[in-house]
Amino acid sequence: MKKSFFLLSAFWFLLLAGVFPVIAQTATQSASVKELDAREDIPDLLAGVWQGKDRLVLFGKDGNEFAAVLRVFYAWYNDRAAEPASYAEYSTRDRNDATSRNAEHIEIKYITLAENESHTAGAYELQILYPRNKSYVYVPLAVIGENIYLDFLVKGSAQEVDFNPVLTSISKTTDESGRVSESLDLEGFWRDCGAASGLLVSPPHIDKERTGYYFYDNAFYHIRYWETDMPYTYAKAGFTDGEQSFVVDKYVRSAGKVYTCCTGRRTQIRNIQKSSELSGTYLFDSDGVICAFGSPYLVRLDGKKTRSDVQAITDETNAKRKPPQKPPFPVTFPNVRWPKIDELELYNPDTWNRRNLDIGK
């Protein structure tokens, strides 16, 4: 009985090593997880004033300041909801039914997840300490050009990207004439790093599920990840499609949470969905490092970078007065038909009494 048990165990080990050699290798070689550094310096791609449909956000490079202005009442009024305490020395906050007595003082540090070599896009995680909170809240976001996105992917395994966050997917080839041509190589594993609902003045909602992707030969494999209490490691998992085998990260950490695609100690992913294209709207950066989904969460305001710029926008908006609302029912005026003397029948005795009344007799 024992002999058959050991033979069966050896058979499954050899099968696993043949299908997923990388998984078998990582099972014997454990890599230490790198702790991502949180810095107070604002990344250059984040510095400036950003505007969304319901808020203005300032990442002030001078003094590493953070401020948030809420655009309430259909953007007719700007509420200085979060700002440093020193801002009250420059301008007094409004006191009305739409504002609180004191502004929220939010402390933020910045973690760099990945950046492209062109320095036009980057993925970051904001380590936020809200007032009256003892634990940090993490908000991941991506910058592509002049836009900020909350739903995004980062190419590559975390074990590689964490130690080398500056990435590029541009491959260069040289032909016989010496001419160099460039192309994007998007094939590989893409981690889903965006899990927060927004950059808010209170702790945001964090999604319990994420969706990673593997791009291969014009096919997109959807990999479901769900929140787990397992410790985060660089362990690998895999799946097959016919004769093709693919290896991805078993765990993904995002927004201070850990997500997994396999239960327990399993390393084989089940229920993989395959599609011929990505759903919805998406955008890749110029180096093929970050893929953002949906519309931008915030858009950079050109030339606006300081506290005074935010204050000028706030004062200009609050100085406007919305015109009165149109009445639900149109106003009607009386329509009186006054008789004309020329039209009266002068020689009709039946109208004489009427004429005498008209002239006051």
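Details of the structure are given in the entry above.
The structure displayed is predicted, hence computed values, not measured ones.

**A word on the pattern of salt bridges**
Side chains that differ in charge, positive against negative, can pair when their charged atoms come close. Counted by the stated rule, this structure contains 16 salt bridges. Two residues, E227 and K257, come together in a salt bridge whose shortest N-O distance is 4.0 Å. Note that E227 is positioned in strand β15 (residues 219-227) and K257 in strand β19 (residues 257-260), a separation of 30 residues in sequence. The class of E227 is partly exposed, set by a relative accessible area of 30%. Ionic pairing is found between D249 and K236, a salt bridge with its closest N-O pair at 2.9 Å. Highlighted residues: D249 in strand β17 (residues 244-249) and K236 in strand β16 (residues 236-241), separated in sequence by 13 residues. The same class applies to D249 as to K236, namely buried. What you see here is one network of salt bridges that share partners, running through D79, R80, E83 and R93.

**A word on the packing of aromatic side chains**
Tallied over the full model, the rule gives 17 aromatic pairs. When the centroid spacing of 6.1 Å and the interplanar angle of 70° are considered together, the rings of F59 and Y110 count as edge-to-face. Remark: Y110 occurs in strand β5 (residues 107-116) and F59 occurs in strand β2 (residues 55-60); sequence separation between them is 51 residues. Both residues of the pair, F59 and Y110, count as buried.

**What about the environment of I223?**
Relative to the helices and strands, I223 is located in strand β15. Residues I223 and T260, spaced 37 residues apart in sequence, show a C-alpha to C-alpha distance of 9.9 Å. Leaving out residues up to four positions away in the same chain, I223 has contacts with F189, R210, T211, G212, Y213, Y214, F239, V248, C261, I269 and I272.

**Thoughts on the sheet that holds β5**
The strand order across the open sheet built from 10 strands is β4-β3-β2-β1-β23-β8-β7-β6-β5-β10, with neighbouring strands paired in mixed fashion. Only two strands of the sheet have a single neighbouring strand rather than two, namely β4 (77-82) and β10 (166-167). Judged from the six bridges that link them, β2 and strand β3 (residues 65-72) form a sheet pairing that is antiparallel. Directly across from F59, in β3, lies its bridge partner F66.

Reading guide: rules and limits
Residues numbered from 1 in each chain as written. Predicted model: local features only at pLDDT ≥ 70, side-chain atom pairs only at ≥ 80, totals over all residues. Heavy atoms only, no water. Salt bridge = Lys/Arg side-chain N within 4 Å of Asp/Glu carboxyl O. Helix = DSSP H or I, 4+ residues; strand = E, 2+ residues; numbered from the N terminus. Buried < 20%, exposed > 50% of the residue type's maximum accessible area, 1.4 Å probe, protein only. Phe/Tyr/Trp six-rings, centres within 6.5 Å; stacked < 30°, edge-to-face > 60°. Contact = heavy atoms within 4.5 Å. Pairing = 2+ DSSP bridges.

On their own, these measurements won't tell you what the molecule is for.
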